[in-house]
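As a plain string of letters, each chain reads:
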Number of protein chains: 4
Amino acid sequence: MEEVKIYAAGKFLSSREALIVTNPFNGKPVARTFKAGPEILDQAIEQALAVKEELQGIPSWKRYKALKYIADFMENKKDRFVSILCRESGKPWKYALGEIDRAIQTFTVAAEEARRLPKEYIDLDWTEPGEGKEGIVRYFPVGLVAGISPFNFPMNLAVHKIAPAIAAGCPIILKPSSSTPLSALALARAIDGSGLPCGAVSVLPMSRETGNHLVTGPQIDLLSFTGSPEVGWKMKAEAGKKKVILELGGNAGVVVTETADLDHAVNRCLQGAFAYSGQVCIHAQRIYVHENIFTEFSQKFVSKTEKLRRGDPEDPETDVSVMIDEDNARRVEAWVNEAVDNGAQMLTGGNREDAFYPPTVLTGTAPAMKVRALEIFGPVVTLEPWHTYKDAITEVNDSRYGLQAGVFTNRIDEMDHAFHFLNVGGVIVNDVPGFRVDHMPYGGNKDSGLGREGVKYAIRDMLQSRILVKYRQY
Amino acid sequence: MEEVKIYAAGKFLSSREALIVTNPFNGKPVARTFKAGPEILDQAIEQALAVKEELQGIPSWKRYKALKYIADFMENKKDRFVSILCRESGKPWKYALGEIDRAIQTFTVAAEEARRLPKEYIDLDWTEPGEGKEGIVRYFPVGLVAGISPFNFPMNLAVHKIAPAIAAGCPIILKPSSSTPLSALALARAIDGSGLPCGAVSVLPMSRETGNHLVTGPQIDLLSFTGSPEVGWKMKAEAGKKKVILELGGNAGVVVTETADLDHAVNRCLQGAFAYSGQVCIHAQRIYVHENIFTEFSQKFVSKTEKLRRGDPEDPETDVSVMIDEDNARRVEAWVNEAVDNGAQMLTGGNREDAFYPPTVLTGTAPAMKVRALEIFGPVVTLEPWHTYKDAITEVNDSRYGLQAGVFTNRIDEMDHAFHFLNVGGVIVNDVPGFRVDHMPYGGNKDSGLGREGVKYAIRDMLQSRILVKYRQY
Amino acid sequence: MEEVKIYAAGKFLSSREALIVTNPFNGKPVARTFKAGPEILDQAIEQALAVKEELQGIPSWKRYKALKYIADFMENKKDRFVSILCRESGKPWKYALGEIDRAIQTFTVAAEEARRLPKEYIDLDWTEPGEGKEGIVRYFPVGLVAGISPFNFPMNLAVHKIAPAIAAGCPIILKPSSSTPLSALALARAIDGSGLPCGAVSVLPMSRETGNHLVTGPQIDLLSFTGSPEVGWKMKAEAGKKKVILELGGNAGVVVTETADLDHAVNRCLQGAFAYSGQVCIHAQRIYVHENIFTEFSQKFVSKTEKLRRGDPEDPETDVSVMIDEDNARRVEAWVNEAVDNGAQMLTGGNREDAFYPPTVLTGTAPAMKVRALEIFGPVVTLEPWHTYKDAITEVNDSRYGLQAGVFTNRIDEMDHAFHFLNVGGVIVNDVPGFRVDHMPYGGNKDSGLGREGVKYAIRDMLQSRILVKYRQY
Amino acid sequence: MEEVKIYAAGKFLSSREALIVTNPFNGKPVARTFKAGPEILDQAIEQALAVKEELQGIPSWKRYKALKYIADFMENKKDRFVSILCRESGKPWKYALGEIDRAIQTFTVAAEEARRLPKEYIDLDWTEPGEGKEGIVRYFPVGLVAGISPFNFPMNLAVHKIAPAIAAGCPIILKPSSSTPLSALALARAIDGSGLPCGAVSVLPMSRETGNHLVTGPQIDLLSFTGSPEVGWKMKAEAGKKKVILELGGNAGVVVTETADLDHAVNRCLQGAFAYSGQVCIHAQRIYVHENIFTEFSQKFVSKTEKLRRGDPEDPETDVSVMIDEDNARRVEAWVNEAVDNGAQMLTGGNREDAFYPPTVLTGTAPAMKVRALEIFGPVVTLEPWHTYKDAITEVNDSRYGLQAGVFTNRIDEMDHAFHFLNVGGVIVNDVPGFRVDHMPYGGNKDSGLGREGVKYAIRDMLQSRILVKYRQY
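Residues numbered from 1 in each chain as written. Chains lettered and ligands numbered in written order. Predicted model: local features only at pLDDT ≥ 70, side-chain atom pairs only at ≥ 80, totals over all residues. Heavy atoms only, no water.

Some points on the pattern of salt bridges
Where charged atoms of side chains with opposite charge meet at close range, the side chains can pair. Applying the stated criterion to the full structure yields 138 salt bridges over all chains. Lys52 of chain A is the partner of Asp221 of chain A in a salt bridge, and the nearest nitrogen-oxygen pair spans 4.0 Å. One end of the pair, Asp221 of chain A, is in the loop between α8 (208–216) and β10 (222–226); the other, Lys52 of chain A, is in helix α2 (residues 52–57), with 169 residues separating them in the sequence. On the basis of relative accessibility, which here comes to 32%, the residue Lys52 of chain A falls in the partly exposed class. A salt bridge links Arg352 of chain D to Glu326 of chain D; the nearest nitrogen and oxygen atoms lie 3.5 Å apart. Separated by 26 residues along the polypeptide, Arg352 of chain D in the loop between β14 (345–348) and β15 (360–363) and Glu326 of chain D in helix α12 (residues 326–341) bring together distant segments of the chain. On the basis of relative accessible area, Arg352 of chain D is assigned to the buried category, the value being 19%. With a relative accessible area of 29%, Glu326 of chain D lands in the partly exposed category. The network of salt bridges with common partners includes Lys119 and Arg138 of chain A, Asp416 of chain B together with Asp123, Glu134, Lys470 and Arg472 of chain C. (Salt bridge = Lys/Arg side-chain N within 4 Å of Asp/Glu carboxyl O. Helix = DSSP H or I, 4+ residues; strand = E, 2+ residues; numbered from the N terminus. Buried < 20%, exposed > 50% of the residue type's maximum accessible area, 1.4 Å probe, protein only.)

Some remarks on the relation of the copies chain A and chain B
The operation relating the two chain copies consists of a rotation about an axis and a shift along that axis. You can overlay chain A on chain B at an RMSD of 0.0 Å; the transform is a turn of 180° with a shift of 0.0 Å along its axis. Taken together, the rotation angle and the small translation identify this as a two-fold axis. Scanning chain A for the C-alpha nearest the rotation axis identifies Ala237 of chain A, at a separation of 2.9 Å. Comparing interface residues between copies, 100% of those in chain A also lie at the interface in chain B; the contact surface is shared. (Least-squares fit on C-alpha atoms with pLDDT ≥ 70 in both. Contact = heavy atoms within 4.5 Å.)

Focus on the domain arrangement of chain A
All names here are of chain A. Domain annotation of chain A identifies domain 1 (2–248 + 449–468) and domain 2 (253–437). Measuring from the centre of the C-alpha atoms in domain 1 to the corresponding centre in domain 2 gives 31 Å. Taken residue by residue, the interface counts 28 residues in domain 1 and 27 residues in domain 2. Here domain 1 packs against domain 2, burying approximately 2,300 Å² in sum over the two surfaces, 61% of which is carbon and sulfur. Broken down residue by residue, the surface that domain 1 buries against domain 2 is led by Phe25, Tyr95 and Phe151, which jointly contribute 24%. Counting the contacts that link domain 1 with domain 2 gives two salt bridges. Residue Lys94 is joined to Asp319 by a salt bridge in which the shortest nitrogen-to-oxygen separation is 2.4 Å. Taken together, the connections running from domain 1 to domain 2 amount to four residue pairs in polar contact (both at pLDDT 80 or more). Secondary structure elements with two or more residues in the side of domain 1 that touches domain 2: α4 (78–89), α5 (93–114), α6 (156–168) and α9 (229–238). (Domains from an automatic or database assignment. Buried area = accessible area lost by both parts, 1.4 Å probe. Polar contact = N/O pair within 3.5 Å; in protein donor to acceptor, adjacent residues only side chain to side chain.)

Topic: the sheet that holds strand β19 (residues 426–429) of chain B
An order of β5(A)-β6(A)-β22(A)-β19(B)-β18(B)-β12(B)-β13(B)-β16(B)-β15(B)-β14(B) is seen for the ten strands of this open sheet, with the pairing classed as mixed. Strands at the two margins of the open sheet, each flanked by one partner only, are β5 (119–123) of chain A together with β14 (345–348) of chain B. Averaged over all adjacent pairs, the angle separating strand axes in this sheet is 20°, with direction ignored. In this structure, strand β12 (residues 253–256) of chain B lies alongside strand β13 (residues 286–290) of chain B, joined through four bridges in parallel fashion. Note that in β13 of chain B the partner of Gly253 of chain B across the bridge is Arg286 of chain B. Of the strands in this sheet, β14, β15 (360–363) and β16 (380–386) of chain B are in contact with helix α12 (residues 326–341) of chain B, which crosses β15 of chain B at around 30°. (Pairing = 2+ DSSP bridges. Axes fitted to C-alpha atoms, helices over the stretch in contact; angles between N-to-C directions.)

Describing empty space enclosed by the protein
Within this structure, the stated rule accounts for 14 cavities of 30 Å³ or more. Of the voids in this model, the largest cavity is the one considered here, and its volume is about 130 Å³. Those elements that provide at least two residues to the lining of the largest cavity are β6 (133–141) and β22 (463–471) of chain A, α15 (412–421) of chain B, β6 (133–141) and β22 (463–471) of chain C together with α15 (412–421) of chain D. (1 Å grid on protein atoms, 1.4 Å probe; cavity = no way out; pocket = protein on both sides within 12 Å on 5 of 7 lines; lining within 4 Å. Points joined across faces, edges and corners; volume = space filled by probe spheres on them.)

A closer look at the interface of chain A and chain B
At the interface, 67 residues of chain A touch 67 residues of chain B. Summing the contributions of chain A and of chain B, the shared interface buries around 5,400 Å²; its carbon and sulfur component is 58%. Of all residues in chain A, the largest losses of buried area upon contact with chain B belong to Lys241, Phe419 and Arg466 of chain A, amounting jointly to 14% of the total for that side. Inspection of the region where chain A meets chain B yields six salt bridges. Its salt-bridge partner being Glu120 of chain A, residue Lys456 of chain B comes within 3.8 Å of it at the nearest N-O pair. Taken together, the links from chain A to chain B amount to 32 residue pairs in polar contact (both at pLDDT 80 or more). The element that contributes the greatest number of residues to the side of chain A that touches chain B is β22 of chain A, accounting for eight residues. Of the residues assigned to the side of chain A that touches chain B, the class counts are 30 nonpolar, 18 polar and 19 charged. Here β22 of chain A runs beside β19 of chain B; their pairing, made up of four bridges, is parallel. Looking at β19 of chain B, one finds that Ile467 of chain A is bridged to Gly426 of chain B. (Nonpolar A, V, L, I, M, F, W, Y, C, P; charged D, E, K, R; others polar.)

Side note on the relation of the copies chain C and chain A
After a rotation of 180° and a shift along the axis of 0.0 Å, chain C superposes on chain A with an RMSD of 0.0 Å. Mapped onto chain A, 100% of the interface residues of chain C again fall at the interface, so both copies present the same surface.

Some remarks on the pairing of β13 of chain B
Each regular strand carries side chains that alternate between the two faces of the sheet. Residues and elements named next belong to chain B. Where burial is concerned, most of β13 is hidden: five out of the five residues are buried. Residue alternation in β13 divides its side chains into two sets, Arg286, Tyr288 and His290 and Ile287 and Val289, and both sets are buried. Between β12 and its parallel partner β13, the chain crosses via helix α10 (residues 262–274), and the hand of that crossover is right-handed. As defined by bridge partners, β13 adjoins β16 across five bridges and the pair is classed as parallel. Its bridge partner being in β16, Val289 is matched across the sheet by Pro385. (Right-handed = clockwise from strand over helix to strand, strands pointing away.)

A word on the interface of chain C and chain A
Taken together, the 27 residues of chain C in the interface contact 27 residues of chain A. Ranking the residues of chain C by area buried against chain A places Trp61, Tyr121 and Trp126 of chain C at the top, with a combined share of 29%. Joining chain C to chain A, the criterion identifies six salt bridges. Of the charged contacts in the structure, one is a salt bridge between Asp123 of chain A and Lys119 of chain C, with a shortest N-O distance of 2.8 Å. Counting across the interface, chain C meets chain A through 20 residue pairs in polar contact (both at pLDDT 80 or more).

Concerning the environment of Ile282 of chain B
Residue and element names in this part refer to chain B. Mapped onto the fold, Ile282 is located in the loop between α10 and β13. On the basis of relative accessibility, which here comes to 5%, the residue Ile282 falls in the buried class. Along the sequence, Ile282 and Pro433 sit 151 residues apart, while their C-alpha atoms lie 5.7 Å from each other. The residues touching Ile282, leaving out its near neighbours within four places in the chain, are Ala252, Leu403, Gln404, Pro433, Gly434, Phe435, Arg436 and Tyr442.

Considerations on helix α15 (residues 412–421) of chain C
Here α15 of chain C lies mainly inside the structure; nine of its ten residues are buried. Among the residues making up α15 of chain C, those that are buried are Ile412, Asp413, Glu414, Met415, Asp416, His417, Ala418, Phe419 and His420 of chain C.

A short note on the packing of aromatic side chains
Going through the model one piece at a time under the given rule, you end up with 36 aromatic pairs over all chains. Here the aromatic rings of Phe419 of chain C and Phe140 of chain D are separated by 5.9 Å at their centres, their planes lie at 80°, and the arrangement is edge-to-face. You can see Phe419 of chain C sitting in helix α15 and its partner Phe140 of chain D sitting in strand β6 (residues 133–141), one on each of two chains. The two residues Phe419 of chain C and Phe140 of chain D agree in class, both being buried. Ring centres of Trp386 of chain D and Tyr389 of chain D lie 6.0 Å apart, and the angle between their planes is 70°; this geometry places the pair in the edge-to-face category. The same class applies to Trp386 of chain D as to Tyr389 of chain D, namely buried. Three or more aromatic residues joined by ring pairs make a cluster, and in this case those are Tyr69, Phe73 and Phe81 of chain A. Against the face of Trp335 of chain A rests Arg331 of chain A, its NZ or CZ located 4.9 Å from the ring centre. (Phe/Tyr/Trp six-rings, centres within 6.5 Å; stacked < 30°, edge-to-face > 60°. Lys NZ or Arg CZ within 6 Å of the ring centre and 35° of its normal.)

Comments concerning the side chain of Arg63 of chain A
Position of Arg63 of chain A relative to the elements: it lies in helix α3 (residues 60–76). Within the structure, the side chain of Arg63 of chain A is placed 3.3 Å from the backbone oxygen of Ala168 of chain A, a separation counted as a polar contact.

Structure (C-alpha cells):
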C-alpha cells in the first residue's frame, strides 16, 4: 500500500498514528497516511509564526510565481490528481476532473489577485482639521490562518483556503477531512516545490481533539472552516479572539416557472440534485415547480433520473456512485423512509445497497419532514408544485439555511423579486443553486455561514487595513 | 431637574428605574433619565425586527434625506448639544464643540455613502462552464444591529454606530454609557423627526445585565462595541452566531525624530496627550524622542503642559478639567505612584484633587510599569529617549495593543519603515495617534479590536453580499 | 427692462453689444443682457489662467462648501430660477421646475464627488524590475475648460459643465446659448458668492465668431460642447491639441413589446415624445410597437396626445407650449409635410401657429424620411409596428445616431438582447430614452457624441493622472 | 535573405513593394519584407470590420486563452525574438531581452485584464424620479483600432497597442515603423495561432501615404499613435471623428538632492541617459544636481560613462551601440556642436563614427540650446547644478514637454513638492524618468501626449460605456 507522508513546517513526515484511507466504492485501501499529533501541529505552528514576517514582505511577482507553479504542477499531473480524488472520495471521474480543473483555476485566479491586493488612496481633507492630510491604505496579512476543509470537495475546498492565504501572505495550516486527506497531501507536493518559505503551508490530517487547537489556540489569527453548521457554529463560540469564516451547508431550493426553458431546467436540476450523490453544500434539495408544468417536469425529471448511470467512480461514464460511507447512506435511507411513512410519495429511488443510495425523488412531502427541513447531503430531492410565484419564493425562504437558490424564469419581475427577497448568498437565475465559479463571492446567510469565499473575497478576509496618514509638506 | 426620556420603538418613554446623570466637574445633577428594563428592550427589538424589511427597501434618496435632516438638526441646535455633552462628560467646551462638529460630519458622510453602497457587476465567464453568465452583487442589510458606546465620546462614538446603520438600512438599538447617556438621547430627538420608520433606531441606557441581551440575544445580527478590551473580548466569546465589531483601547506610542519640526511635534503631542484628560482610545501615552533632541523636547513639552488651563469644562478657555469620576482619577494616581516608587521620574503633574488629575509627564519608566504597559486612559504620558530608529519602532510595537501610532519625521525611509512595521491600524506621520477624521478606516490590531469603523467601512460590515447569477439569454 | 450683466473674471460687466432675450411664447423681451467681445473673453481667459494653480490646491472641504453654497442658493431662490428659465426658453413651468431641481442635484452630487476624486494606489512589483516600487496616482485638473451649452436645458446643461469643473479644480468659461443666456447668468450670481477664487468661472454670451476662440484657442485645455452634431464634429476638427467632449443629438427609438405594461408605456412615451416640444436630445422620436398591440397603443397614445394642455409656459398646468422660435417650427412643419406628401399618415397634430407646432403623431413613414432619419428636435413622433423583436432592434439601430433607446418589456431575453445589440450610450428598460439622472454616465455613440457626461464621468474627463512611483526604502 | 511576409486579414502576404530591413550596426540586410499598398490595407480593414461583432461577443476565457497563447509562444521562442529585435534596431542584446520580457508581461497582464473589463452597477434612486431604477454599466469595444508604433521599442510599443485591443475586443491594424517591422511581424506568427477570429489583428508596414488612411479613414474608430510630437499632433487635427491617443516624446529632467544615495543616483542616471543610445521617449536628458554634490556626481558619472562598453548589439556584453541610422547620429552631432560653439562644455563624448555617437555629457548649457530645449533622442545628457530645490523643479518644468521626471531624495517634503508641482505624467522618486512597468498608467502632459497607456488604461480607452437602466419590477 502506498504511504503518503503528511506535510508540516516544510517537511514530509510520518507520525505514530497511521490513517488508512479507503475507497468508499469498494472498501479497498487507497493509501496509508498519518494523523498529526500535538507535537507535529506545534512544529507547524511554530514554523508558520517564524515565517510570518518574511511572507508579508514577499513581492507580488514571487507570490504570483509560486501560485502559478502550483497551478502548472497540477495541470501537468492532472490525471494523477483526478485519480486520487476519485478513489478517496468515490466521486465519479467526470466530477473529479471538474474539481481538479477548478482547483487549478482557483490557484490561477489567486496568482492574479496576489498582484491586486486591495489598496486605497484617499483624501482626508473633507473637513478643515484634515486639511493637508491624505491617507494611504494598505492591507496587511492578518496572521496565521487555520483552514479546516470537508470530505466532499477534498481538493478545491482545501485550495479555497490555501490559495488565498498564499496570495494574502498569511501562513496556513490546513486540516483536511480524515476521510479524504490524500488530495490535499498530493497538493502539498506541488506547494513544496513552489519556492515559498518553509512552513508557509502545512497540510495535516488530525484527530478532532488535536485539531481543536486550531479553533481555540491563541496563535491562530483566523479560522476558516467549511463543514457542517453544527460544528461550525460551535467553533465560532470557542474561537477566542480570532476571526472566523464559516462556509456551512443548506437545503437549497429551486423554483421553476412557466416561462422557463423546461428541458434546460430538467437537465440542470438533474445535475444539481445528484452530482456526487447530493453531497454538495449547494445541492438542489427542494424543487418547486409551477403547477401547470409540474406533471411534465416531474415525468421528464424522473425519467432522466432513472437513466443516470451507476458504477465505479473511476469509470468516466459513471454518473452516480456510492456515498462517502455506509453511515451516511443509512441516515439518508432513514430520512426518506420516515418521509414515506408520513405520506410522502417516492417517484423513483430508494433501496440502499451498502454505501450506495440511488437517486431518489419524493413528492407530497411536508415542510417539517427531515428530507425537506434539514440538510440531507445525499441523492434525494423533493419535488412540489406551486400556485403563486410569491408562495414559491416564501417556500424557498422557509428554512434555517440560506446558501444559494435557483430560479428558472424568463420574466424580469420574477428575477427582480427573487434577487430582492430570497434570503441567500446567491440567487442563480436559469441554473441550479449548485452553480459556482471560483472567483465569485460565495457564502451563506442565516445558519449557512458567516463571511464570503471566492478568491478575492477570501483574500480580503485574510487581510487587515493599515492607514498611513500623511501630512503633506511643501 | 430636567427629565429626559429614553427612546424605544419610536416612543419617548420613562421607566421604573431612574438614572441621575451628574456633572463630573461639580457633582451637580445634569438631568434625570431612565434605564430600560428587559420589557422595554424587548419592545425595541420587536419593533426593530418589524421594520427590517421596510428599512431594506427604502430608496437611497430617503435615507439621504433622513441622515441630512439629522445633521441639519444638530447644526441648528449645536450650542445645546455641546452644552449637554460638556456637562455630562466633563469634556472641555472646545473639545465638546469639536465632537459635535464631527458628529454632524459623520451623519453627512453617511448620507453620501447611503447613495454609494457597495455594488459589483462581474463577468463569470472566466472558464468555459461560466460562459454566458454574469454576476450582479448587491449588499443587503445584515439585520438588527446592537451598538454599545462608551462615555468618552458620548456623541460621536454613538453616531458611528447609528449613522452607518441608517445608511445600510439596518435597525439599531444603541446602549449609551450610563455615565453619559444624555448626548445620545438628545440625538434621539433629531432621529425621531427624520422620517425613518418607527423603531428603526432606539436609544436605551441599560444596566449591564439588561444590556447583556444585546450580546447574547439571537435576534441581534451584529454587535458593534466600543469600550474596554476586557469587556469587548468577553462579549465576542458570548456573542453566539452574530458578527462582532470591537473598537477597543490602547497605549499608543509616538516617535519623534531629528528631522521633525520640533515645535509642531511638541504642540501636537501636547494635545494628543492631554485632550479630555487622556480619556481617549488613541491618547498619546508613550512618547519616544531621539536622544539628541530629548532634552529640548521634554523641556518645551513640560513647560507647555504646565501652561494648560484647568477649569470648568463649560468655560471655552479651559484646556483640562476633571476625569469622568474619582475612581478613575484614583486609579491613575495609583499607577503613577507605583511608577515613581519604582524609579520613574515625574517631570510635572501628580497631586490628584478629587476627580481632577493634573497633566502628568513621566520619564525613566520601565516597560512593565502599568503607566506604560496598560491603557492608562488618563492625563499621563511617558517620555523616553531612543538611540536608533528601529529600536524606537520596536518599543512602540512592544504592547498587547495596536490601535494607532504617530511618527514625526521628514525622512521617506523612516515613513516607509513605520508604515510597514508598526503593527497598528493607523500610522500617523507628523501628527499624533489621536488623529482621526470620520470617513477614514479606523480600528485596532492585536488586542485593540476587530474590524474597522469609519463610515464607509462600518456600513460595509453592516451589509452582506448577495450575488445574482444571470445566464444571458438572447 | 431688466438689465443682466455678464460675468467675466469675477466681475459683472456690460459690453457694447446688447443682447435682448425674448420670451418665445409672446415675443416680449425678458431682459437685456450683453455679448462679450474678444477683449472681455481675453480678460476671462487671462484671469482663469491666473487662478489655475490656486484652484488646483483648494482642499476638498472648500470645494464642497462652494458647491453646496451654490446648490443652497438655488434652492432658496428656486421660484426665481424657474421663472427665468420658463420665460427665456418657453419651457412649461413643470419641466422648468424639474430642471432647476436637477441642477441643484447636479451641484450637490458634484460637491460629494469633489471629495472623491479618483485616486489609485498600486503595486508595481509585478515583475522583478519593479520590486520595491509602488505607485500613487493622483488626478490633477486638466487646465482651462471651455463649456458651450445649448438653449434647450439652459440651466442644467450649463451646470453639467460648471459643477464638474469646480469639483475637478479647473477654471471654466461657459458660453451659454444666445437665445437663453439668462439662467446661466442668474447662476453666476450664486457662483460669485461661493468663495471660489475670482475668475474660476466666467459666464459669457458671445457671438459664434468670438466663441470660436474657445474652440481654437491654445489656452483652452478642454472643450466640452453640447449641441448639434454638425457643429460639434466641426469643432473637434478645429480644436488643435485640446481634449474635446461632445454631447450631441439623435433620433432616439423606443421598442414596445407584448409583455410591456401598455398604459405605463403609453404614458412614458407621451412624455418622452412631447416634453418641451421634443426639443430634447433624447426625445423619443421613433416608437416601434409590436403589431399585436399596435392599434391599441396608437389609439391610446393619440388620444392622450390630444389631451395635452397647450398654453403659456408660465402656467403650471401647461403641458406643451411654443418651440424656441418660429424658424424651428417652420422646419418641423416642412419635414412633416414632406413625409405626408410621400405617403405618411398623420394620426394627430400638424397646423403650425407661429412658433407653436402641435404634438404630432405620424405612421406609415419610410426610413429615409427626414422625420425618421434626422433629428427632428420638435414635437413629432413616428409610430410603426413590428413583427419580430430582432427587426425592431435593427430598426432602432438603423440611424447615424446612438444616444439612448427605450425598450418596454418584461422578458429577460429581450432585455439582454437590447443591452448587447443596441448601439447607444444608454438602454432604458421600461422607460423612454429621455430618462436621465444626473449622476449616471450619459452620452452618445456614433454621430451622437464623444465621451460621457454625468458628474463623476465629466469630472474624470477634466482630470489627468499623475503617478508617483516610489522606491520603498527601509 | 530571409523573406518575411506581412499579415493582413488573417493571411501572410507579400506585396509588390519590397522593404529591405538592415542592421544599423553593420548595414547588412536582416530580411526582406513588404509594404502594404492601399488594396491590402483595404482588405485588412474590411475583414476587421467583418469580425467586429464576433470579437465583441467572445467570452473572457477565450480572450484570456488567446493572450496567454501569445505570451507563451514568445516565452518559448524568446531567443529568436530577441535576435530579431537586436538586429533590426541595433538595440544591445541585454536591453532587447528586457524588451521581449516586458512584451510577454504586457500580454500576460492583458490576459488578466480581459477578465476584469470595467463594469459598474449603480443605484439611480438618488432623487425621487429615479426611485426603483438602477443602472448596469458595461463597456463595449469602441470599434476598429489603428495602431502606429515607432522604431525604438519595435516589439513592446506594438504590443501596447495590440494586447489591449485583443483584451477589449477591438480589431486592430498595426503599422510598425518601416525601419523595424520584423519584431511585430514575428509577433504576427504568434497571433495567427492564437485562435482569434481571422482578421482581428493585422500587422502592415506601409508608406506614410498609405498609412495616412489610418489617420483620416472613417472606418477607423480609434487611432493610437506613439511617435514624435510633430507627427502626432498633426494626426489629431486630421483624425475626423475618431478618438486619438498620443504617446509622444520629451526631454525628461532629473533632480538629484543632497539626501539622495549618490551612487544609486549615478548608476540609475547612467542607464536612464544611455540605454539604447538615448532613443527612448523618457530618456533622462537633463540632470540637475545640488551644487554641493555636483562635482562628485559629475566625476562619478563621467567616469562611469567612459566605461560603458561599445560594440555589436548582438554581443551580450555591449552597453551602447549605434543609433538607428546615420542621419540621426548627424543630427545629434550637430546639436551638440552647436551647444559647444555657444559655450557649453563637453565633459566626455563627441566624435561621431558613422551611425555611432558616443555617450556624451555636457555642462554649462543654456536653456534655449537644442540639447536642452528639444527632444534629443540620442546619447546626450546635460548636467547642471542647482541652488534651491524649488529652482530645480522649475527648471524641469521649463519645457514644452511633460512625460516623466525623476527625483532622487530621502525627504518627504521634496517628494510631496515634486508630486504636486512637476507637470508630467509620472514622477519617479529615487529612479530615473525612464522607469516604466507595463501595467502602470503612462503618458504625457503638455506636448508629450494625450491620454494614458498601460494595459488597463489603454483598454479603457478602447471601450465605451453603455448603461442599462432597469426599472425594478416586483
